[in-house]
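In case you want the letters, here they are:
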Amino acid sequence: MHLPVLLFFLLAFHIPIFSIPVDVSIIKSPVQLGRHLEILVPEKNDTGIEAIISDTNKDKWLPVNSDIPSFGMNDSEHWVRVTLQNTSAFPEKIVFESDATWIDKVDFFFPVSDANKITHYEFESAGDLIPFSAWKTQHRNPVFRSTIAPKSEETFYFCYKTQ
């Protein structure tokens, strides 16, 4: 029986110059993803996922230079991405949890594939600006669930907004 992998990611993260995909098939307990995250602050808000993943932004993703990042109290969107891989022959269920409760809204974008090719990204939202009853996973912190196909690598995106 495969247990879902619980991944923590926001409060204590440090990223090396190059992020390294996390192999979720070998993780047996919760892990902080800090050193595997990259961040992007786009020039304007309400940037869609298509623009974020476009070639225009591919070289703009930056590592965070502190153990505890601060987005500041501003109205800029902050995008975070993490790449996970599954080297096993079985699908791996994963759970992302953000304990950054001061964030008003977080959108979680996950890839949707057809024949092992990403066709588009879907999303779900949580945070203070979203009614709790609308959260897909009702938990005290924003929690998002997904599954990674066997023998695959996928990148997940998070958009943080504070008003």
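Because the structure is a prediction, the values reported are computed rather than measured. (Residues numbered from 1 in each chain as written. Predicted model: local features only at pLDDT ≥ 70, side-chain atom pairs only at ≥ 80, totals over all residues. Heavy atoms only, no water.)

### Description of the overall build of the chain
Our working rule: A run of DSSP states H or I qualifies as a helix once it reaches four residues; a run of E qualifies as a strand once it reaches two. Both are numbered from the N-terminal end. The classification of residues rests on relative accessible area computed with a 1.4 Å probe and restricted to protein chains. Under 20% of the type maximum is buried, over 50% is exposed, and intermediate values are partly exposed. Here, two residues are considered to be in contact whenever any of their heavy atoms come within 4.5 Å of each other.
Looking only at helices and strands, the chain has one helix and 10 strands in total. In the chain, which comprises 163 residues, the share counted as buried stands at 46%. Summarising the internal contacts of the chain: among those between residues at least 6 apart in sequence, 71% fall at separations of at least 24.

### Some words on the confidence of the model for the chain
The criterion, for reference: In predicted models, pLDDT denotes the confidence assigned by the predictor to each residue on a 0 to 100 scale.
Put simply, the chain has an average pLDDT of 81, and 83% of its residues get 70 or more. By mean pLDDT, strand β1 (residues 5-8) is the weakest element of the chain at 46, and strand β9 (residues 143-148) is the strongest at 93. Taken together, the stretch residues 1-18 has pLDDT below 50 and engages in 72 contacts with residues farther than four places along the chain or on a different chain.

### Remarks on the pattern of salt bridges
As a reminder of what qualifies: The salt bridge definition used is simple: a Lys or Arg side-chain nitrogen within 4 Å of an Asp or Glu carboxyl oxygen.
Inspection of every chain in the model, using the stated rule, returns four salt bridges. Between R81 and E38 there is a salt bridge, with the nearest N and O atoms lying 2.8 Å from each other. Of this pair, R81 sits in strand β5 (residues 78-86) while E38 sits in strand β4 (residues 37-40); the two residues are 43 residues apart in sequence, bridging distant segments of the chain. Classification of E38 by relative accessible area gives buried; the value is 16%.

### Side note on the pairing of strand β10 (residues 152-161)
To be explicit about the condition: Strands qualify as paired when DSSP identifies two bridges or more between them.
Where burial is concerned, most of β10 is hidden: eight out of the 10 residues are buried. Of the strand pairs in this sheet, β5 and β10 are connected by nine bridges, and their pairing is antiparallel. When the bridges of β10 are listed, V82 appears paired with F156. Across five bridges, the pairing between strand β7 (residues 105-114) and β10 is antiparallel. Across the sheet, residue D107 finds its bridge partner in β10, namely C159.

### A word on the nonpolar core
What counts, and what does not: We call a set of buried Ala, Val, Leu, Ile, Met, Phe, Trp, Tyr and Cys residues a nonpolar core when their side-chain atoms join them within 4.5 Å.
If you look at the biggest cluster of nonpolar residues, it comprises 24 residues, and the most contacted ones within it are V82, L84, F96, F156 and F158. Of all elements in the fold, only β4, β5, β6 (92-97), β7, β9 and β10 reach the threshold of two or more residues within this core. Counting nine residues, the second-largest nonpolar core is a separate cluster that includes I52, F109, Y157 and C159.

### Points about the packing of aromatic side chains
Within a pair of aromatic rings, the relevant descriptors are the distance that separates the centres and the angle that separates the planes. Rule in force here: Aromatic rings from Phe, Tyr and Trp, with only the six-membered ring used for Trp, were paired whenever their centres fell within 6.5 Å, and each pair was classed as stacked if the ring planes differed by under 30 degrees, edge-to-face if by over 60, and tilted otherwise.
Going through the model one piece at a time under the given rule, you end up with 13 aromatic pairs. Relative to F108, the ring of F96 lies with its centre 5.4 Å away and its plane at 50 degrees, an arrangement referred to as tilted. On the criterion of sequence distance, the pair formed by F96 in strand β6 and F108 in strand β7 is long-range, its members being 12 residues apart. Taken individually, F96 and F108 each receive the classification buried, so the pair is uniform in this respect.

### Some remarks on unusual backbone geometry
Look at K151: it is not a glycine, yet its phi comes out positive at around 50 degrees. Judged by relative accessible area, which is 62%, K151 ranks as exposed.

### A word on the side chain of E97
Condition: None of His or the chain ends enter the tally, which takes Lys and Arg as positive and Asp and Glu as negative. For this analysis, a polar contact is any N or O atom pair within 3.5 Å, provided that within protein one partner can donate a hydrogen and the other can accept it, and provided that sequence-adjacent residues contribute only side-chain to side-chain pairs.
Within the fold, E97 resides in strand β6. Among buried charged residues, E97 stands out as having no salt bridge; its nearest opposite-charge side chain is R140, 4.9 Å away. Side-chain polar atoms of E97 contact the side chain of N141, separated by 2.7 Å.

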